[in-house]
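# Secondary and tertiary structure notes
Here's the letter readout for the chains.
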Amino acid sequence: MNIVFMGTPDFAVGTLNALIESEHNVIGVVTQPDKPKGRGGKMMFTPVKEAAVKAGLQVYQPEKVRDRKFIEILEKLSPDVIVVVAFGQILPKEILELPKYGCMNVHASLLPKLRGAAPIQWSVIDGDEESGVTIMQMDEGLDTGDMLLVKKYKLDKKETGGSLFDKLASFGGPMILEVLEQAQEGKLNPVKQDDSKHTYAKMLSKATGDIDFTKTAVEIERLIRGLNPWPSAFTHIHGKMFKIWEADVLSGEEVQKYDMADLEPGHIAYVDKNKMLISTEEGYLDVKEVQLEGKKRMEISAFLRGYKVEKGEALNG
């Protein structure tokens, strides 16, 4: 097949490479425009553009895919199918209906659950037992098209947004190749989504990581894992940003081991040279790895050796 690939972040690169290495012909790659990055404001390629340039493929970077000039480019390319992975723009009906086999999307959730921008992180934050990847025949809705292939993955107990990202990113290539083979053989079996069961994975921002200690320790621990490595979960201590990279939930039996202060949520309920426990609405957060503003990540014992905190202190101050 002649394929146009649309994608932008790291998550899409594995699928693009699988298509490049297959019997199919990638006739063009569409990605978001280059953006300035860092203090110097240097224009940076998207990860998909980097991979496409390395492979010698033609790259297109329209500001808006619905612009008539870009649609005319697609019409001239005349792809058999458009494969879309985390592209970042909504495709108009004109593009969706252009290829013979339409547009197929690689989405990192078990649809209809977690439609939207950040399904991987929200799967961890929500405490899902399983996640996965769905290949979907795109329509005009937001991740509402018929499902063509689903592969499930059971989350590890300490799964992070980063580890789940890596695992699911490896699913896309083999899955899309299987679906394209089915399409060529006329064996596609589209399954409609149950819209009554849909949930939405809203876009993440740095503010998403601001820890609300009036939530339970279980909920906060999942937030910490889900937002690792980006945008990260944080609070403030002595006026400085204080990122928490890893924590455990202190179980009922373990609570009895410590002389715990009975405090409102968001206070240091216990601290010694190796341990810091934070009160929440329900349960205690046993902090394992942290990062103070301007410092590197470190184990809590290393942090406590070099920074004085006291029992009863409030965080977010």
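Structure first, text after, so check above.
So, a few notes on the structure that sits alongside this text. (Residues numbered from 1 in each chain as written. Predicted model: local features only at pLDDT ≥ 70, side-chain atom pairs only at ≥ 80, totals over all residues. Heavy atoms only, no water.)

### Here's the deal with the overall build of the protein chain
A count of helical and extended segments in the protein chain gives 10 helices and 17 strands. Counting only C-alpha atoms, the protein chain reaches 70 × 45 × 30 Å along its principal axes. Relative to its full complement of 317 residues, the protein chain shows a buried share of 50%. Intrachain contacts of the protein chain at a sequence separation of at least 6 include 64% that bridge at least 24 residues. For the protein chain, the computed accessible surface area is about 16,100 Å², with 49% contributed by carbon and sulfur atoms. Distance between charge centres in the protein chain, computed from 41 positive and 48 negative side chains, equals 5 Å. (Helix = DSSP H or I, 4+ residues; strand = E, 2+ residues; numbered from the N terminus. Buried < 20%, exposed > 50% of the residue type's maximum accessible area, 1.4 Å probe, protein only. Contact = heavy atoms within 4.5 Å. Areas by Shrake-Rupley, 256 points an atom, 1.4 Å probe, with all protein chains shown as cover. Lys, Arg positive; Asp, Glu negative; His and termini not counted. Charge placed at Lys NZ, Arg CZ, Asp CG, Glu CD.)

### Observations concerning the side chain of Glu 289
Among the structural elements, Glu 289 can be located in strand β16 (residues 284–292). The residues touching Glu 289, leaving out its near neighbours within four places in the chain, are Lys 243, Ile 244, Trp 245, Glu 246, Arg 297, Met 298, Glu 299 and Ile 300.

### Things to note about the pattern of salt bridges
Within the structure shown, the criterion is met by 20 salt bridges. A salt bridge links Lys 93 to Glu 97; its shortest N-O distance comes to 3.9 Å. Looking at Glu 97, the relative accessible area reads 56%, which means it is exposed. Residue Lys 187 is joined to Glu 185 by a salt bridge in which the shortest nitrogen-to-oxygen separation is 3.6 Å. One salt-bridge network, held together by shared partners, links Arg 68, Glu 72, Glu 75 and Glu 94. (Salt bridge = Lys/Arg side-chain N within 4 Å of Asp/Glu carboxyl O.)

### Points about the environment of Met 276
Note on placement: Met 276 falls in strand β15 (residues 276–279). A residue is classified by how much of its surface remains accessible, and Met 276, at 0% relative accessible area, is buried. Apart from residues no more than four positions distant in its own chain, Met 276 is found in contact with Phe 242, Ile 268, Tyr 270, Val 271, Leu 285, Asp 286, Val 287, Ile 300, Leu 304 and Val 309.

### Notes on the packing of helix α1 (residues 10–20) against helix α2 (residues 47–54)
Relative orientation and spacing of two packed helices are given, respectively, by the angle between their axes and the distance between those axes. At a minimum axis separation of 8 Å, α1 and α2 run at an interaxial angle of 30°. Between α1 and α2, the angle falls in the class roughly parallel. Only Pro 47, Val 48, Ala 51 and Ala 52 of α2 make contact with α1, whose side of the interface consists of Asp 10, Ala 12, Val 13, Leu 16 and Asn 17. (Axes fitted to C-alpha atoms, helices over the stretch in contact; angles between N-to-C directions. Parallel < 35°, antiparallel > 145°, perpendicular 65-115°, else oblique.)

### Let's talk about a nonpolar patch on the surface
On the surface, a nonpolar cluster with roughly 310 Å² of combined accessible area is contributed by Ile 90, Leu 142 and Tyr 200. Its place among the elements puts Tyr 200 in strand β11 (residues 200–201). (Patch = residues over 30% accessible without salt bridge, like charges linked within 9 Å, V, L, I, M, F, W, Y side chains within 5 Å.)

### Some thoughts on the pairing of strand β12 (residues 233–237)
Burial of β12 is extensive: 4 of the 5 residues sit out of reach of the surface. Where β12 lies against strand β13 (residues 240–250), 5 bridges are found, and the strand directions are antiparallel. When the bridges of β13 are listed, His 236 appears paired with Met 241. Between β12 and β13, which pair antiparallel one after the other, the connecting turn spans 2 residues, and His 238 there sits at a positive phi close to 55°. (Pairing = 2+ DSSP bridges.)

No statement about biological role is implied by the geometric values presented.
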